[in-house]
Amino acid sequence: QVQLEESGGGLVQAGGSLRLSCAASGRTFSWAAWFRQAPGKERDFVAGITRSDVSTYYTDSVKGRFTISWDNAKSTVYLQMNSLTPEDTAVYYCAARRFTRPSSYADRNAYTYWGQGTQVTVSS
């Protein structure tokens, strides 16, 4: 099993920055991603990363503003979020997959393990 715990959410003004952390424990895993869910909407892909070659993937709306990274020593996956807008307001979830490369990083059904989420609120 893999346990994931997100932190770092909060309230920030538009244009500000936050860094989310996803601390992992238990079994190792090779693929991780961040998703977000706004009220009344589906849970959408934000960014993904492969542990072996640190390749990264982003949804178009966050490219150039968000950066996903992996600190193996700390077993933590980060999401640095800059130039935040009110449209980024959502609960952010960390997700992990262990054994095989996901057919699509953006498919939430490809991930077995999920954290409890952390709220990000961006005020205008």
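Residues numbered from 1 in each chain as written. Predicted model: local features only at pLDDT ≥ 70, side-chain atom pairs only at ≥ 80, totals over all residues. Heavy atoms only, no water.

A few words on the overall build of the chain. A tally of regular secondary structure across the chain gives zero helices and eleven strands. Going from the N terminus to the C terminus, the chain shows its helices and strands as β-β-β-β-β-β-β-β-β-β-β. For 124 residues, the compact-globule estimate of 2.2 N^0.38 gives 14 Å, and the C-alpha radius of gyration of the chain, at 13 Å, lies within 12% of that figure. Taken along its principal axes, the extent of the C-alpha atoms in the chain is 40 × 25 × 25 Å. Taken over 124 residues, the chain has a buried fraction of 44%. Within the chain, counting contacts between residues at least 6 apart in sequence, those at least 24 apart form 59% of the total. Summed over its atoms, the accessible surface of the chain is roughly 6,400 Å², and 45% of this surface lies on carbon and sulfur atoms. A gap of 6 Å separates the mean positions of the 13 positive and 10 negative side-chain charges of the chain. (Helix = DSSP H or I, 4+ residues; strand = E, 2+ residues; numbered from the N terminus. Rg over C-alpha atoms; globule rule 2.2 N^0.38 Å. Buried < 20%, exposed > 50% of the residue type's maximum accessible area, 1.4 Å probe, protein only. Contact = heavy atoms within 4.5 Å. Areas by Shrake-Rupley, 256 points an atom, 1.4 Å probe, with all protein chains shown as cover. Lys, Arg positive; Asp, Glu negative; His and termini not counted. Charge placed at Lys NZ, Arg CZ, Asp CG, Glu CD.)

Once that is clear, we can look at the packing of aromatic side chains. We describe a pair of aromatic rings using the distance from one ring centre to the other and the angle between the two ring planes. The tally for this structure, following the rule as stated, stands at six aromatic pairs. Pairing tyrosine 111 with tryptophan 114 gives two aromatic rings, centres 6.4 Å apart and planes at 75°, and the pair type is edge-to-face. For tyrosine 111, a relative accessible area of 5% corresponds to the buried category. Residue tryptophan 114 is classed as partly exposed on the basis of its relative accessible area, which comes to 27%. Here a set of aromatic residues connected by ring pairs shows up, and it is made of Phe35, Phe45, Tyr111 and Trp114. Between arginine 43 and the ring centre of tryptophan 114, over which it is positioned, the NZ or CZ distance is 5.0 Å. (Phe/Tyr/Trp six-rings, centres within 6.5 Å; stacked < 30°, edge-to-face > 60°. Lys NZ or Arg CZ within 6 Å of the ring centre and 35° of its normal.)

Scanning the model with the defined rule gives one disulfide in all. One disulfide bridge connects cysteine 22 with cysteine 94, the sulfur atoms lying 2.1 Å from each other. Around the S-S axis, the bridge from cysteine 22 to cysteine 94 shows a dihedral of about -80° and counts as left-handed. Note that cysteine 22 is positioned in strand β3 (residues 18-26) and cysteine 94 in strand β9 (residues 90-97), a separation of 72 residues in sequence. (Disulfide = S-S within 2.5 Å.)

A few words on the sheet that holds strand β7 (residues 66-71). In space, the four strands of this open sheet follow the order β1-β3-β8-β7, with antiparallel pairing throughout. Among the strands making up the open sheet, the edge pair consists of β1 (2-7) and β7. Averaged over all adjacent pairs, the angle separating strand axes in this sheet is 15°, with direction ignored. Judged from the six bridges that link them, β3 and strand β8 (residues 76-81) form a sheet pairing that is antiparallel. Following the sheet pairing, leucine 20 is matched in β8 by leucine 79. (Pairing = 2+ DSSP bridges. Axes fitted to C-alpha atoms, helices over the stretch in contact; angles between N-to-C directions.)

Note that all results are geometric; they support no functional claim without further evidence.
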